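What follows is each chain in one-letter form.
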Amino acid sequence: MTKRDFLGALRAALSGLPPEETERTLTFYSESIDDRIEDGSTEKEAVAAMGSVQDAAAQCLSVVSLPKLVREKVRPRRKLRAWEIVLLVLGTPAWLPLTAAAAVMVLAVYLVMWSIVVTLFMIELSFVLLAFSGVFGTVYFAVQHFSPQALLSLGGAFVFAGVAVFGFFLCNASIKGCVFAGKRFSLGVKRLFVGKERAA
Amino acid sequence: MDVQLKRGLLEAAVLSAVGRGETYGYQIIKDLQPYIVIAEPTLYPILRRLEADDLLTVRAAEHNGRLRKYYAVTPKGEQRLQTFRTEWAQMQKIGEFILQEVSHD
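Residues numbered from 1 in each chain as written. Chains lettered and ligands numbered in written order. Predicted model: local features only at pLDDT ≥ 70, side-chain atom pairs only at ≥ 80, totals over all residues. Heavy atoms only, no water.

1. Points about the overall build of chain A
This is how the line gets drawn: Put simply, DSSP marks the helices as runs of H or I at least four residues long and the strands as runs of E at least two long, and each gets a number from the N terminus on. Think of it in three bands: residues with accessible area under 20% of the maximum for their type are buried, residues over 50% are exposed, and the middle band is partly exposed, with areas taken using a 1.4 Å probe on protein chains only. Pairs of residues are marked as contacts when any of their non-hydrogen atoms sit within 4.5 Å. Shrake-Rupley sampling with a 1.4 Å probe provides the accessible areas, and residues are treated as covered by the protein chains on show and by no other component.
Check the secondary structure of chain A and you find 8 helices and 0 strands. The N-to-C order of helical and strand elements in chain A reads α-α-α-α-α-α-α-α. For chain A, the residues scored as buried account for 28% of the 200 residues in total. Pairs at least 24 residues apart make up 73% of the contacts formed inside chain A by residues separated by at least 6 positions. Roughly 12,900 Å² of accessible area belongs to chain A as shown, and the carbon and sulfur atoms make up 74% of that amount.

Right, here's the structure in full:
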């Protein structure tokens, strides 16, 4: 890929970003390619060293905050005329709830993900408590010389303890998974604002 | 290796490279190369974050008929490096312990 192709593709992938961000990123990569060429690489090698366009775009996106992207999306491209402003204000009952709903949906996704984690921890806690109650039951029944019940309690305690140990690892994994999923979701939402070619 | 730990280390490494004297992107990559190989997509967000945290400054200067961005460390950045150096001794000890476990297996 030539330098021009790479930068062109990167520019397209970043369309929708605030102009300063796009220019900043493009300048960085353009300079980096030039530096490598100056150091002895061919243009092809230098561009290849930059990695994929998607990766470069994703790294840039991770630096720009979601609110900034939203602001850029709704920024008016030219001065609004009087009637447009009036329409915007009058139309508030229409677009405001929709925008609020979209924001709430994004939050809801995070809420659902983390409530799954909380639920898993609650279940884990209940198994731990069951294991403990099994131990107490064993002692209680053993003291009363109720052997079958004591054995049952002991068996139960072991089973619940076993499940709790397994559950502990599951809970840890769920937290990691939640953090990872949250990041991917955030990147995905950001991507909705970026990368669509504006009609010339 | 834990992603967060690696990212923190990389940021400190980049800051350290800048701390040795005003430098530019590709030079940082070359300086780090014997120790860790990173490419521009990894470097870019690190430099941006360091700048946003006020740990380094950027200026554009002419070089061979084109503009090049040069990065320099700020006093706050120097402080951060100092903190890292003092914390590193502790980190090394922990690392020693971890490595001990492995060799006894």
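2. A few points about the confidence of the model for chain A
As a general rule, the predicted coordinates of low-pLDDT regions are not to be interpreted in detail. Test applied: By definition, pLDDT measures how confident the predictor is in each residue, and it falls between 0 and 100.
In this model, chain A carries a mean pLDDT of 87, and residues with pLDDT of at least 70 account for 97%. By mean pLDDT, the top-scoring element of chain A is helix H2 (residues 19-38) of chain A (92), and the lowest-scoring one is helix H5 (residues 66-74) of chain A (79).

3. Quick word on the packing of aromatic side chains
For clarity, the cut-off: Stacked, tilted and edge-to-face pairs are distinguished by plane angle, under 30 degrees for stacked and over 60 for edge-to-face with tilted covering the rest, among Phe, Tyr and Trp rings (Trp via its six-membered ring) whose centres lie within 6.5 Å. Remark: a charge is flagged as sitting over a ring if the NZ atom of Lys or the CZ atom of Arg is within 6 Å of the ring centre and within 35 degrees of the ring normal.
Scanning the entire structure with this criterion turns up 11 aromatic pairs over all chains. Members of the aromatic cluster, each reached through a chain of ring pairs, are A:Phe6, A:Phe28, A:Tyr29 and B:Tyr44. A cation sits over an aromatic face here: B:Arg68 above B:Tyr24, 3.5 Å from the ring centre.

4. So, the pairing of strand S2 (residues 66-73) of chain B
All names here are of chain B. So the rule is basically this: Any two strands with at least two DSSP-identified bridges between them are counted as paired.
When strand S1 (residues 56-63) meets S2, the two strands line up antiparallel, connected through 8 bridges. Each residue of the ladder has a partner; that of Val58, found in S2, is Tyr71. Counting the residues in the hairpin turn of S1 and S2 gives 2 residues, including Asn64, whose phi is positive at 55°.

5. Quick word on the side chain of A:Lys3
The residue A:Lys3 is located in helix H1 (residues 3-13) in this model. Its relative accessible area of 19% is what places A:Lys3 among the buried residues.

6. Examining the pattern of salt bridges
Convention followed: Within this document, salt bridges are pairs made up of a side-chain nitrogen of Lys or Arg and a carboxyl oxygen of Asp or Glu, the two lying within 4 Å of each other.
Tallying each qualifying case throughout the model produces 12 salt bridges over all chains. The partner of A:Glu38 in a salt bridge is B:Arg68, and the shortest N-O contact between them spans 3.8 Å. Pair noted here: A:Glu38 is in helix H2 and B:Arg68 is in strand S2, and the two residues belong to different chains. With relative accessibility at 39%, the residue A:Glu38 sits in the partly exposed group. Look at B:Arg68 and you get buried, because its relative accessible area is 3%. The partner of B:Lys30 in a salt bridge is A:Asp39, with the nearest N and O atoms 3.1 Å apart. One end of the pair, B:Lys30, is in helix H2 (residues 25-32); the other, A:Asp39, is in the loop between H2 and helix H3 (43-49), on a second chain. You can call B:Lys30 partly exposed: its relative accessible area is 29%. Residues joined in a network through salt bridges with shared partners are A:Asp35, A:Glu38, B:Arg66 and B:Arg68.

7. Let's talk about the nonpolar core
Heads up, the condition is: In this text, buried Ala, Val, Leu, Ile, Met, Phe, Trp, Tyr and Cys residues form a nonpolar core when linked through side-chain atoms within 4.5 Å.
Core analysis: the biggest nonpolar cluster contains 46 residues, and A:Phe6, A:Leu10, A:Tyr29 and B:Ile28 have the highest contact counts within it. When residues of this core are assigned to their parent elements, the largest contribution, 6 residues, is made by helix H4 (residues 53-63) of chain A.

8. Concerning the interface of chain A and chain B
Keep this limit in mind: Buried area is understood as the total, over both parts, of accessible area removed when two parts are fitted together, assessed with a 1.4 Å probe. Nitrogen and oxygen atoms within 3.5 Å of one another constitute a polar contact, given that in protein one can donate a hydrogen and the other can accept it, and given that sequence-neighbouring residues count only through two side-chain atoms. Note on residue classes: Ala, Val, Leu, Ile, Met, Phe, Trp, Tyr, Cys and Pro are nonpolar, Asp, Glu, Lys and Arg are charged, and everything else, Gly too, is polar.
Residue-level contacts link 21 residues of chain A with 20 residues of chain B. Roughly 1,900 Å² of surface becomes buried between chain A and chain B when both sides are summed, with 48% attributable to carbon and sulfur atoms. Connecting chain A to chain B are 8 salt bridges. Measuring nitrogen to oxygen at the nearest pair gives 3.1 Å for the salt bridge that ties A:Arg36 to B:Glu40. In this assembly, chain A and chain B are joined by 12 residue pairs in polar contact (both at pLDDT 80 or more). No other element matches the 12 residues that H2(A) contributes to the side of chain A that touches chain B. Of the residues belonging to the side of chain A that touches chain B, the class tally is 7 nonpolar, 5 polar and 9 charged.

9. Some remarks on the packing of H1(A) against H4(A)
Residue and element names in this part refer to chain A. The test is simple: Lines fitted to the C-alpha atoms define the axes, with helices restricted to the stretch that makes contact. Angles between their N-to-C directions range from 0 to 180 degrees. The labels follow the angle: roughly parallel below 35 degrees, roughly antiparallel above 145, roughly perpendicular from 65 to 115, and oblique for the rest. Whether a crossing is left-handed or right-handed is set by the direction in which the near helix is turned from the far one by less than a right angle, anticlockwise for left-handed and clockwise for right-handed.
Interaxial distance between H1 and H4 falls to 9 Å at its minimum, and their mutual angle equals 45°. With respect to H4, the axis of H1 lies oblique. Judged by the twist between their axes, the crossing of H1 over H4 is right-handed. Contacts between H1 and H4 involve Phe6, Ala9, Leu10 and Ala13 from the first element and Val53, Ala56 and Ala57 from the second.

10. Some words on unusual backbone geometry
Most peptide bonds adopt trans geometry, and most residues besides glycine take a negative phi value. Of note in this structure, A:His145 is not a glycine but carries a positive phi near 60°. Among the secondary structure elements, A:His145 is positioned in the loop between helix H7 (92-143) and helix H8 (147-192). With a phi angle near 70°, B:Asp54 is a residue other than glycine that sits in the positive phi range. Mapping B:Asp54 onto the fold places it in the loop between helix H3 (40-52) and S1.

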